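Spelled out, the chains give:
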Amino acid sequence: MKKIISMFMILVLIVMAFPITEVHAKNSKKVYKAYYSWIKKKAPKGYNSFKLIKLDNNKTPELLAVKHEDMCDEYILCTYKSGKVTGNNFISGMAGGSWYAWSTSYIPKSGKLFYGEYIRSNGEETNTIYKLKNGKLKKKYIGYISPELRGYKWNKKSVSKNTYDKKLNKIYKREKAKDFSQLKYISKKKMLKKIKKKM
């Protein structure tokens, strides 16, 4: 009798799991179809290299498009929610004879993205940490450094250098991060072919 009950419970679990798996598969196909359409119809001119990344820990990836320039690269990070693809713009590299510098990185499967901006002329630095949740990328923490004013701010509140460094290092583990500029990208043609297989 116990054996029959155990077998029945296993069967129930399998039946319950199947619809969930099927829903995930359908949702994934919708995401890939949306990315495919965005690349074909909406990707701006010059954005010819692409990569799928796992910024958060859900079943579907995010799409990263890049436009390569001489001194810096321009990125569009595409996220998906409810049938809509949203592009988020970032930069990595230098400009203005290295007077301005930007860096963009992310920690895989954490939902966290780091965007740093640096002005060489006065040493000002802005470090923004974004959080991806439910398909939306939002600013979560903003750190600001002004050597001229000898000041540090964290989410608009003045803090000491020690406190600033602790907060930044605790929230964003840079040793686990991947820089956008160091990723391997593929051509538009190859990405479309890759995505089409998943649709």
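Worth saying up front: this structure is predicted, and the values here are computed from it rather than measured.

Cut-offs and rules
Residues numbered from 1 in each chain as written. Predicted model: local features only at pLDDT ≥ 70, side-chain atom pairs only at ≥ 80, totals over all residues. Heavy atoms only, no water. Helix = DSSP H or I, 4+ residues; strand = E, 2+ residues; numbered from the N terminus. Buried < 20%, exposed > 50% of the residue type's maximum accessible area, 1.4 Å probe, protein only. Contact = heavy atoms within 4.5 Å. Areas by Shrake-Rupley, 256 points an atom, 1.4 Å probe, with all protein chains shown as cover. Pairing = 2+ DSSP bridges. Salt bridge = Lys/Arg side-chain N within 4 Å of Asp/Glu carboxyl O.

## Side note on the overall build of the protein
Piece 1. For the protein, the helix and strand inventory stands at three helices and 12 strands.
Piece 2. Across the 199 residues of the protein, 33% fall into the buried class.
Piece 3. Taking the contacts inside the protein whose residues are at least 6 apart along the sequence as the reference set, 42% of them involve residues at least 24 apart.
Piece 4. Carbon together with sulfur atoms contributes 55% to the accessible area of the protein, which is approximately 13,200 Å² in total.

## Brief notes about the pairing of strand β5 (residues 100-107)
Piece 1. As paired strands, strand β4 (residues 84-95) and β5 are joined by three bridges and run antiparallel to one another. Bridging across to β5, Met-94 finds its partner in Ala-101.
Piece 2. Sheet analysis places β5 next to strand β6 (residues 112-119), joined by eight bridges and oriented antiparallel. Opposite Tyr-106, over in β6, you have Leu-113 as the bridge partner.

## Re the pattern of salt bridges
Piece 1. Tallying each qualifying case throughout the model produces two salt bridges.
Piece 2. Note that Lys-67 is salt-bridged to Glu-69, the shortest N-O span being 3.6 Å.
Piece 3. Among the residues examined, Lys-67 registers a relative accessible area of 24% and is labelled partly exposed.
Piece 4. Classification of Glu-69 as partly exposed rests on a relative accessible area of 35%.

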